[in-house]
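Below are the chains, spelled out letter by letter.
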Amino acid sequence: MDVRDEIRAVGEVPELGLVVVPGGLGLAVPGHRWAVPSAEPAEVLAALEREFAPRWVWWSAAATVGTLGPVHLARCHDLAAVHRVLEGGWREDPAAVWAGAHGRTAPPPPSRRPAASHGTGLLDLDGAATADEPVTDAGQLAPTWADGRAFDVEEPERLDRAARWAGLALVAAAAQSRRLAELPDRRATASGPPLPVQTGFAESAAALLAVELSRTGLPLDRTTAEQIVAAAVGPRPTSPAEELRSRSARDAPVRDLLGPVDLRNPAQVLSALRGLGFDLPDTRAHRLERLREAHPAIAALLLWRKAERLDTTYGYRWIDEHVGADGRLRGAWSSADAAAGRMTAQAGLHNLPAELRPAVAAEPGCGLVRADLGQVEPRVLAAVSGDPGLVAATREDDLYAPVAAALGADRPTAKIAVLAAMYGQTSGAAGEALRRMERAYPRALAYLRAAEEAGREGRDVRTYGGRLVRISDLAPAEPGAATAARGRFARNAVVQGAAAELFKAWAATVRAGLAGTSGRIVLCLHDELLLHVPEGDADRAAELLGGALDQTANRWAAGSGVRFVAEVSVVRRWSEVK
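All values reported here derive from a predicted model rather than from experimental measurement. (Residues numbered from 1 in each chain as written. Predicted model: local features only at pLDDT ≥ 70, side-chain atom pairs only at ≥ 80, totals over all residues. Heavy atoms only, no water.)

Asks: Explain the overall build of the protein chain residue by residue, including any values.
Replies: Looking only at helices and strands, the protein chain features 23 helices and 15 strands. Whereas a compact globule of 578 residues would reach a radius of gyration of roughly 25 Å, the protein chain reaches 26 Å, a difference of no more than 12%. Burial statistics for the protein chain: of 578 residues in total, 53% are counted as buried. For the protein chain, long-range pairs separated by at least 24 residues make up 65% of all intrachain contacts whose partners lie at least 6 apart in sequence. Entry remark: accessible area of the protein chain is about 25,000 Å², with carbon and sulfur atoms responsible for 52%. Counting 67 positive and 72 negative side-chain charges, the protein chain places the centres of these two groups 5 Å from one another. (Helix = DSSP H or I, 4+ residues; strand = E, 2+ residues; numbered from the N terminus. Rg over C-alpha atoms; globule rule 2.2 N^0.38 Å. Buried < 20%, exposed > 50% of the residue type's maximum accessible area, 1.4 Å probe, protein only. Contact = heavy atoms within 4.5 Å. Areas by Shrake-Rupley, 256 points an atom, 1.4 Å probe, with all protein chains shown as cover. Lys, Arg positive; Asp, Glu negative; His and termini not counted. Charge placed at Lys NZ, Arg CZ, Asp CG, Glu CD.)

This is the structure in structure tokens:
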């Protein structure tokens, strides 16, 4: 009998546990498990998705579908992603997930990467022989299951164990869902499931999106990229000696102005600048930018830095290593960092210099559709604090205009005031601006002060959507700079973390709207989404981005009255965005 017939016989299948191992997969619903041999598990999953459209439950998206070919699965409960919401921190291995779901202290991290997470593994029959029971008498996962050795056995035992592992995933997911439902729903009006439950859904979708982003890649015109690098650092060197000559030529104009200094040694550069009369604490770019016109050496140094960064970080080696033959820039993606939960990426995808944006180009017959959330963090602050004055300001396209009126200040000062409030900056012009914010928006500032106080005291905080931010993992709670830094971190994390939750919920809604088309999300950059779609679908994709934001805001900030906005552009190259 086909596994679909067996699942159909069970009845309604709202959730389906899934584990993928070499040679097939394990499936489970409460009370039933299936070991499914398959040389093409992606095809099996696609058929199950079409018929049952379940919410897939797995230990992590990377471990489950990261090694498969493209297959669209609409909904999932990602145990690792939800664990990071509930427990914070960096751990997301099965042992920590299981313990956290059941309110137990996590055992030490596994000493090796689980074999089941990457679909391969040397046979370790001695270790696997002790792995009959996945849960110990103490209620923890058995080490051989938690670290993957339980799957280092021959078929059919490996598939049977995969089915048991899928059943345990369902148990852990149910426990996590209960914990999410117990967290406060901080919205002004209930809309759908409790907000922390929705956060779990969105974080799970983001984990799946991270796998897809890693696989899909960002379209990058290699020829344009190499031309940009060549214009800044010279032609591609053909030998180490030629590379050295190119570096010396790039250094020469700056050394002519600064003297015989090693430009790659910050201490020597700082000393040379002091010799010119600039008493600086360091050579950070923002300090030098203020002095660009003060001396030709500083302008030359800033120009040299841009070229040096292109050469050493985004130069020819970077292109060769990360841009595939298909013209896609690929790096590993994570759905959440260990701090406030923002998406992160490797291979320079999150720090691509502006000079290289012309190289990010749509493929023939396609276009790029870009959307950027406008002034998202102050709008999020309005939603999470419920400050009526700040909520009213969000109704304008430019939030800083009504803020400036309320503060009796110009727009630049208003922007400084809002940023100072969220980042805890108290000195100079920011300090005066912050005092004005205290008077104009007392509820928003009280919300931020409460978070800062918690941080100073070493108490963990939770974001609006329920993510735990571990302040206790930071520097020890001692008087002085460390305490102040923890306070500032917490103050910003409750806003930045909430903004990350809104962003990922928006991205998940956009992903769902693209289902069934060839359009794909190809970049998630803090508050910015970049889609790659056929030219004929570009206008519909632009409408999708706006509509998805409205849907997301209506769920995420229900009853708040806060308006969220996005600038949407249809372009051929990323640099064309105004």
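Asks: Got a sec to walk through the sheet that holds strand 13 (residues 520-525)? Specific residues and values, please.
Replies: Ordered by their spatial adjacency, 4 strands build an open sheet running 13-14-10-15, and the pairing between neighbours is antiparallel. The open sheet terminates on both sides in strands that have one partner only, identified here as strand 13 and strand 15 (566-571). The mean angle between the axes of side-by-side strands here comes to 20°, regardless of whether they run parallel or antiparallel. With 5 bridges joining them, strand 13 and strand 14 (residues 528-534) adopt antiparallel strand pairing. Bridge pairing links Leu 525 to Glu 528 in strand 14. (Pairing = 2+ DSSP bridges. Axes fitted to C-alpha atoms, helices over the stretch in contact; angles between N-to-C directions.)

Asks: Tell me what's going on with the state of the cysteines, and back it up with residues and numbers.
Replies: Inspection of every chain in the model, using the stated rule, returns 0 disulfides. Not engaged in a disulfide, the cysteine Cys 76 finds its nearest cysteine sulfur in Cys 524; these two sulfurs lie 14 Å apart. Overall, Cys 76 belongs to the buried group, its relative accessible area being 3%. (Disulfide = S-S within 2.5 Å.)

Asks: Let's hear about helix 19 (residues 411-423): which residues, and what values?
Replies: Over its 13 residues, helix 19 extends 18 Å from the first C-alpha to the last, a length consistent with the 18 Å expected when each residue adds 1.5 Å. Of the residues making up helix 19, those classed as buried are Ala 414, Ala 417, Val 418, Ala 420, Ala 421 and Met 422. (Expected span 1.5 Å × (residues − 1).)

Asks: Give a description of the environment of Pro 70 that names residues and reports values.
Replies: Position of Pro 70 among the secondary structure elements: in the loop between helix 3 (61-65) and strand 5 (75-78). According to the relative accessible area criterion, Pro 70 is exposed, its value standing at 72%. In the structure, Pro 70 is positioned 443 residues away from Gly 513 in sequence and 17 Å away in space, judged by C-alpha atoms.

Asks: Just give me the short version of the packing of helix 4 (residues 79-87) against helix 5 (residues 94-101), but keep the residues and values in it.
Replies: For the pair helix 4 and helix 5, interaxial distance at closest approach is 10 Å and the crossing angle is 55°. For the element pair helix 4 / helix 5, the angle class is oblique. Where helix 4 crosses over helix 5, the handedness of that crossing is left-handed. For the pair helix 4 and helix 5, contact is made by Leu 79, Ala 80, His 83 and Glu 87 and by Ala 96, Val 97 and Gly 100, respectively. Its residues assigned to classes, the contact of helix 4 with helix 5 shows 4 nonpolar, 2 polar and 1 charged. (Parallel < 35°, antiparallel > 145°, perpendicular 65-115°, else oblique. Left-handed = near helix turned anticlockwise from the far one by under 90°. Nonpolar A, V, L, I, M, F, W, Y, C, P; charged D, E, K, R; others polar.)

Asks: Would you mind going over the environment of Pro 54 in detail, with residue names and values included?
Replies: With respect to the secondary-structure elements, Pro 54 resides in the loop between helix 2 (41-52) and strand 4 (55-58). Residue classification places Pro 54 among the buried positions, given a relative accessible area of 1%. When the C-alpha positions of Pro 54 and Leu 73 are compared, they lie 8.8 Å apart, and in sequence the two are 19 residues distant. The residues contacting Pro 54, other than those within four sequence positions of it, are Val 13, Pro 14, Glu 15, Leu 16, Leu 48, Glu 49 and Arg 75.

Asks: Hey, could you go over the sheet that holds strand 1 (residues 15-21) for me, with residue numbers and the actual values?
Replies: With respect to topology, 5 strands assemble into an open sheet ordered 3-2-1-4-5, the strand pairing being mixed. For this open sheet the edge positions go to strand 3 (32-37) and strand 5, each flanked by a neighbour on one side alone. Between one strand axis and the next, the sheet turns by 25° as a mean value, whatever way the strands run. Across the sheet, helix 4 touches strand 4 and strand 5, and the angle it forms with strand 5 is around 55°. Each of strand 1, strand 2 (24-29), strand 3, strand 4 and strand 5 is contacted by helix 8 (residues 157-182), which is oriented at about 40° to strand 2, the strand it contacts most.

Asks: A description of the pattern of salt bridges should follow, citing residues and the corresponding values.
Replies: The full count for this structure, using the stated rule, is 43 salt bridges. Salt-bridge contacts for Asp 2 lead to Arg 4; the nearest nitrogen and oxygen are separated by 3.3 Å. By relative accessible area, which is 36% here, Asp 2 ends up partly exposed. Residue classification places Arg 4 among the partly exposed residues on the basis of a relative accessible area of 30%. Linking Glu 212 and Arg 511 is a salt bridge whose minimum nitrogen-to-oxygen distance equals 2.7 Å. Within this pair, whereas Glu 212 is found in helix 9 (residues 195-216), its partner Arg 511 is found in helix 22 (residues 481-514), the two being separated by 299 residues in sequence. Given the relative accessible area of 16%, Glu 212 is considered buried. (Salt bridge = Lys/Arg side-chain N within 4 Å of Asp/Glu carboxyl O.)

Geometry only, nothing functional implied.
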